[in-house]
Amino acid sequence: MPDSEADDPALVMTNGHCLESGFPGPGQVLVDKASSRTFSLLNSSGSRVATLRAAKLAYGTMTDTDVALYQLTTTYAQIKSSYNINALTLNDSHPVAGTAISIPSGYWKRIYSCTIDGFVPTLKEGDWTWKDSVRYTSACNTIGGTSGSPVVDQATNKVVAINNTGNEDGERCTVNNPCEVDANGTVTVRKGINYAQQTYGIPACFGIDNKLDLSASGCTLPKP
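Throughout what follows, the structure given in this document is the object of discussion. Small disclaimer: the values here were computed from a predicted structure and weren't measured.

## Observations concerning the environment of Met1
Residue placement: Met1 occurs in the segment before β1 (9–14). A C-alpha to C-alpha distance of 15 Å links Met1 and Leu214, two positions 213 residues apart in sequence. Setting aside chain neighbours within four positions, we find Met1 in contact with Leu11, Leu69, Tyr76, Thr89, Leu90, Ile202, Pro203, Phe206 and Asn210.

What follows is the structure, encoded as structure tokens:
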């Protein structure tokens, strides 16, 4: 988070649909759930240098957005001192169309680069609905396994969104085939186009010591 301190427990961000418990249902929000999930820490060349462990799932949902945040058993300072790797910081302002972005995939060990094409008022996929989603230009041809990758503003190196889905087969509003719905209810299907969920609203929901506070001023994340 923009205000995180070095001695705060580190957070790991991924998609709500990547939870070890499976997809949360529409309207379901998970908060402070026990987890001992492990994560591979990669260096800049994509080699694994450590295994980090969760202390708990701080937050997870697939409602309005598709995000999960795990709190680790280690602090940012401990990770920096042991492996000389800094965390990426979430930007707390709305991204802008035309911004050059990179999407580093830890799973595929490759980086996708393109620009933000625009924003989708409502993105529907199966039973789930996401709001104000990021649409990439076609150069970000992300594939299965890139879920949960950060979307990084190339100019600032800050995280502006989290990669989460794409229309694979040209189907309409089905799983793996999200559709765009505008304010008038008009549905648009863009086969081969991929999407992310914005993250600028998340920092307002985390306070001192990286503690989740869904009642904090300005926090708009869905509540349980």
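## Observations regarding the pattern of salt bridges
When their charged atoms lie close together, side chains carrying opposite charge are able to pair. Scanning the entire structure with this criterion turns up seven salt bridges. Here Asp32 and Lys56 are joined by a salt bridge, their closest N and O atoms 3.0 Å apart. In this pair, Asp32 is assigned in strand β2 (residues 29–34) and Lys56 in strand β4 (residues 48–61), connecting sequence segments 24 residues apart. A relative accessible area of 26% places Lys56 in the partly exposed class.

## What about the side chain of Asn177?
Its place among the elements puts Asn177 in the loop between β10 (159–166) and β11 (179–181). Exposure remark for Asn177: the relative accessible area of 1% places this residue in the buried category. Engagement of the side chain of Asn177 in a polar contact is seen with the backbone nitrogen of Glu168, the distance being 3.3 Å. Not counting the four nearest positions on each side in its chain, Asn177 is found in contact with Lys124, Glu125, Gly166, Asn167, Glu168, Asp169, Gly170, Glu171 and Arg172.

Quick notes on the rules
- Here the residue numbering is sequential within each chain, running from 1 through the sequence in written order.
- Local features in this predicted model are restricted to residues whose pLDDT is 70 or higher, and side-chain atom pairs enter the listing and the counts only when it is 80 or higher, whereas totals over whole chains, interfaces and linings include all residues.
- By convention in this description, side-chain values take in all heavy atoms of the structure and omit both hydrogens and water.
- Working definition: helices are DSSP H or I runs of at least four residues, strands are E runs of at least two. Numbering for both runs from the N terminus.
- Contacts are residue-level and defined by heavy atoms, with any inter-residue pair within 4.5 Å sufficient.
- The salt bridge criterion pairs a side-chain nitrogen of Lys or Arg with a carboxyl oxygen of Asp or Glu, the two atoms within 4 Å.
- Buried means the residue's accessible area, taken with a 1.4 Å probe over protein chains only, is under 20% of the maximum for its type, while exposed means over 50%, and partly exposed covers the values in between.
- Whenever a nitrogen or oxygen atom comes within 3.5 Å of another N or O atom, the pair is scored as a polar contact, on the condition that within protein one atom can donate a hydrogen and the other can accept it, and that pairs from neighbouring residues in sequence are kept only if both atoms are in side chains.

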